[in-house]
Amino acid sequence: MIILVKNHPYRYDMENISTIFFPYEKIRIFENSCDETDPVTVITEIRDYVLSVDATVYDKHKKESVSADCETDMQNALSVLLYHVLSEILEIRYPWGLLYGVRPARRMHALTDSLSEEEAKRVFREKYLVNHEKTELAVSVMHSENKIIALSDCKSFSLYISIPFCPTRCSYCSFVSHAIENTVKLIDPYVDLLIREIEETAVYARLLGLRLETVYFGGGTPTTLSAKNLARLFEAIEKNFDLSTVREYTVEAGRPDTVTKDKLLTLKSAGVSRISINPQSFNDAVLKTIGRQHTSSQTVSAFELARNCGFDNINMDFIAGLPGDTLESFEKSLCKGISLNAESITVHTLSLKSGAYMATRESAFDSSPKKIVASMVDFSSKQLTKHNYHPYYMYRQGKSLGNLENVGWCKNGYDCLYNVFMMDETHTVLAVGAGAVIKLKDPKSGKIERVYNYKYPYEYIDRFDEILKRKQSITRFYAEYNL
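Everything quoted here is computed from the prediction, not taken from an experiment. (Residues numbered from 1 in each chain as written. Predicted model: local features only at pLDDT ≥ 70, side-chain atom pairs only at ≥ 80, totals over all residues. Heavy atoms only, no water.)

### Re the overall build of the protein chain
- Counting its secondary structure elements, the protein chain contains 17 helices and 18 strands.
- Here the protein chain has a C-alpha radius of gyration of 24 Å; the compact-globule value for 483 residues is 23 Å, and the two agree.
- Counting only C-alpha atoms, the protein chain reaches 65 × 55 × 45 Å along its principal axes.
- The buried share of the protein chain, reckoned over its 483 residues, is 57%.
- A separation of at least 24 residues holds for 73% of the contacts in the protein chain among residues at least 6 apart in sequence.
- A total of about 20,700 Å² of accessible surface is found on the protein chain, and carbon and sulfur atoms cover 48% of it.
- Looking at charge distribution, the protein chain has the averaged site of its 58 positive side-chain charges lying 3 Å from that of its 62 negative ones. (Helix = DSSP H or I, 4+ residues; strand = E, 2+ residues; numbered from the N terminus. Rg over C-alpha atoms; globule rule 2.2 N^0.38 Å. Buried < 20%, exposed > 50% of the residue type's maximum accessible area, 1.4 Å probe, protein only. Contact = heavy atoms within 4.5 Å. Areas by Shrake-Rupley, 256 points an atom, 1.4 Å probe, with all protein chains shown as cover. Lys, Arg positive; Asp, Glu negative; His and termini not counted. Charge placed at Lys NZ, Arg CZ, Asp CG, Glu CD.)

### Comments concerning the state of the cysteines
- One pass over the structure, following the stated rule, counts zero disulfides.
- There is no disulfide at C416, and the cysteine sulfur nearest it, in C410, is 9.2 Å away.
- Take C416: its relative accessible area is 0%, and that puts it in the buried class. (Disulfide = S-S within 2.5 Å.)

### So, the pairing of strand β9 (residues 211-219)
- Among the nine residues of β9, eight are classified as buried, and the element is accordingly described as predominantly covered.
- As paired strands, strand β6 (residues 156-163) and β9 are joined by eight bridges and run parallel to one another. Bridging across to β9, F157 finds its partner in L212.
- Bridge count between β9 and strand β10 (residues 248-252): four bridges; the pairing is parallel. Directly across from Y216, in β10, lies its bridge partner T250.
- The parallel pair β9 and β10 is bridged by helix α7 (residues 227-240), and the resulting crossover is right-handed. (Pairing = 2+ DSSP bridges. Right-handed = clockwise from strand over helix to strand, strands pointing away.)

Here is the structure:
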């Protein structure tokens with residue numbers, strides 16, 4: 001795809017709106033002139049207060065222009081025009097309109113700082129072209145998040161522990177995770193160094209007088225580790241951090257084929273209060289297609305085992321749009337999760353991997369996959385609301401099918417605090433392990449500084465001393481902002 005930008009600075013907006021309609025395409029952007037050709041080409045221009053969009057998608061062509069004046073929000077007006085032209089050509093309109101930000105609820109929150117809630121909703125509908133249902137979803141999530149955000153203050157922080165290992169790698173996965181069969185020799189040295197990093201990180205937390213609010217083990221699949229290695233990590237955390245202030249302690253036991261009684265009892269004895277057991281689907285054929293080596297019956301067994309071990313706060317994840325899944329199959333999977341009485345259910349929309357290309361005219365105009373996944377998401381919203389779940393956090397990813405959202409739903413009192421703190425970037429997150437990212441937050445200015453660990457376990461092990469050196473940024477940041 002080619003985007004030609006003429007006489008305006010809004011190339012970023014033009015690219016993001018085009019990505020909504022063409023998530024598979026590699027987009028090339030040119031300014032003012034272009035000698036190349038492509039079956040999908042968009043020309044956007046502002047000249048003498050006239051905004052124009054000229055778009056060609058294979059054998060379909062549409063050009064529209066609108067007049068403006070010096071008071072017009074040119075950026076939004078051109079974005080709206082491009083959205084209208086592409087939606088007319090492709091005969092599809094997206095429920096989030098031209099809103100492409102990761103955090104819609106945060107955008108709503110920013111608007112309500114200066115506008116009434118009704119006015120903010122009107123901006124969503126009229127400026128961003130968001131439909132009524134998604135606008136109300138953003139408002140609902142905003143209210144839920146605000147209650148949790150209010151728990152944090154300038155000395156609050158969360159602790160994230162990265163366990164980048166899985167039994168197998170799922171076909172859709174974009175996280176830093178590695179199949180255990182290829183990395184088993186790295187696990188023990190990885191855990192040894194992770195304990196050292198936990199110890200070093202705790203020194204900074206004590207020195208700065210920080211208060212730990214939430215602990216979160218993510219991955220990967222943390223329960224890929226043995227009960228013995230999990231116990232070593234829990235012991236290191238308890239020994240080095242003050243857990244008396246912790247409001248929530250989560251471990252993702254995401255893959256049912258990693259859940260055993262000894263691991264669950266190890267988690268329970270360490271004070272873990274919330275776990276995830278993630279089916280993604282209860283359709284065995286779909287599980288096989290995406291590279292999972294467990295069955296839906298194993299998911300049920302793992303869930304029941306967790307209940308018998310005393311866990312009363314369990315999350316389940318589902319993904320709308322998985323390869324081979326149908327609307328009927330997705331509906332059955334979600335209803336099964338609801339029937340198990342999980343305290344929270346997170347519904348993700350499949351996000352497409354980068355680097356794919358839209359190869360044919362037929363795929364450009366075939367909107368059926370997007371409409372099916374939209375029906376899946378709509379069904380989940382209605383069913384979860386019907387069964388007394390409410391949406392408490394939400395985020396969106398680029399290249400998601402149908403430009404849709406990921407939403408965490410829960411019963412009253414079971415909101416995942418860490419998810420909200422992380423999504424809102426409420427306070428500092430001290431993160432350890434391969435692929436972990438420390439986020440340092442100044443609550444006064446909103447300034448955020450990130451400190452990155454090496455991405456892969458072998459890098460983490462080989463360059464561990466450099467990781468420890470980077471942590472010196474923590475004290476420098478807090479000194480700079482007088483925290």
